[in-house]
Amino acid sequence: GHFMNVAKMLWPEKDRIDPVTQKVIPTSVKFIWTPWTVKIIKNLCKYQVLTIAGGSGFGKSEICAIWVIINFLCDPPNTLCFATSTTVAASKKRIWGKIVRYWTAIENMVDCGKLVDSAGMIRYVEKGIPVKGDLAGITLVPAEKKKEKDAMEKLRGMHAERVIFVADELGALSPSVPETAFMNLKMSAKYFQFTGIDNPHSYVDAFGEIAMPLDGW
């Protein structure tokens, strides 16, 4: 589909060949496609609320990292993406680290966002200048349970036409995180999508509650 074509242009699986010189042009960051990757992308395209369960090393964070980036690129001035993790330190090994890696490879190419890693943000820019502050771009939200108050303050008052929310390690986050996403961010957005990711281990944590089948566990 369109999403896969865009992703393959931005992060090819193989090194490029210069059509004139026939020399190999190394690709700095590659995204490798698998049947599981395609299945997850198809469901991300289909549903506005989705949970993704899988073991460590499954590639969940990588898939959602490129999903967040491409959604931002679709409409930069009107899109606000959130990526959660437990702590800032943990996030660099998980989804935020993946977002930074894939974004850094294309930042000069797309020219609509500026990475401010120290602030956990990719800010929307026009001609290199931030024009909407923190109200458009991609934002990291550290949201472990003992930092619940800080996370809620960061989420409240953030409104955009398009909101893409990816809750990595959802089961370890405060239940207030998805509650605020649905009650605050969703209500003011024309389009809202929530995706929860985890290596699940409980039916009663935040991930288990959102992933619960219609007939219950």
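Bear in mind the structure is a predicted one, so any value in this text is a computation, not a measurement. (Residues numbered from 1 in each chain as written. Predicted model: local features only at pLDDT ≥ 70, side-chain atom pairs only at ≥ 80, totals over all residues. Heavy atoms only, no water.)

1. Let's talk about the state of the cysteines
Stage number 1. Taken as a whole and judged by the stated rule, the model has zero disulfides.
Stage number 2. Its sulfur unpaired, Cys64 is 11 Å from the next cysteine sulfur, which belongs to Cys81.
Stage number 3. A relative accessible area of 0% places Cys64 in the buried class.
Stage number 4. Its sulfur unpaired, Cys112 is 10 Å from the next cysteine sulfur, which belongs to Cys74.
Stage number 5. Since its relative accessible area comes to 10%, Cys112 is described here as buried. (Disulfide = S-S within 2.5 Å. Buried < 20%, exposed > 50% of the residue type's maximum accessible area, 1.4 Å probe, protein only.)

2. Here we look at the pattern of salt bridges
Stage number 1. A complete count under the given rule lists three salt bridges for this structure.
Stage number 2. Residue Asp15 pairs with Lys30 through a salt bridge whose shortest N-O separation is 3.0 Å. In this pair, Asp15 is assigned in the loop between helix H1 (2-10) and strand E1 (16-17) and Lys30 in the loop between strand E2 (24-25) and helix H2 (35-46), connecting sequence segments 15 residues apart.
Stage number 3. Using a relative accessible area of 34% as the deciding quantity, one classes Asp15 as partly exposed.
Stage number 4. Take Lys30: its relative accessible area is 29%, and that puts it in the partly exposed class. (Salt bridge = Lys/Arg side-chain N within 4 Å of Asp/Glu carboxyl O. Helix = DSSP H or I, 4+ residues; strand = E, 2+ residues; numbered from the N terminus.)

3. A word on unusual backbone geometry
Stage number 1. The phi dihedral of Gln22 falls on the positive side, at around 65 degrees, and the residue is not glycine.
Stage number 2. Looking at the secondary structure, you find Gln22 in the loop between E1 and E2.
Stage number 3. Even without a glycine there, the phi angle at Asp111 is positive, about 55 degrees.
Stage number 4. Note on placement: Asp111 falls in the loop between helix H5 (95-110) and strand E5 (113-116).

4. Comments concerning the packing of aromatic side chains
Stage number 1. Scanning the model with the defined rule gives ten aromatic pairs in all.
Stage number 2. Pairing Phe3 with Trp67 gives two aromatic rings, centres 5.0 Å apart and planes at 40 degrees, and the pair type is tilted. On the criterion of sequence distance, the pair formed by Phe3 in helix H1 and Trp67 in helix H3 (residues 60-74) is long-range, its members being 64 residues apart. Of the two residues examined, Phe3 and Trp67, each falls in the buried class.
Stage number 3. Aromatic ring contacts, followed pair by pair, group Phe82, Phe165, Phe182, Phe192 and Phe194 into a single cluster.
Stage number 4. Over the ring of Trp33 we find Lys8; its NZ or CZ atom is 5.8 Å from the centre of that ring.
Stage number 5. In this structure, Arg101 is placed above the aromatic ring of Tyr102, and the distance from its NZ or CZ to the ring centre is 5.3 Å. (Phe/Tyr/Trp six-rings, centres within 6.5 Å; stacked < 30°, edge-to-face > 60°. Lys NZ or Arg CZ within 6 Å of the ring centre and 35° of its normal.)

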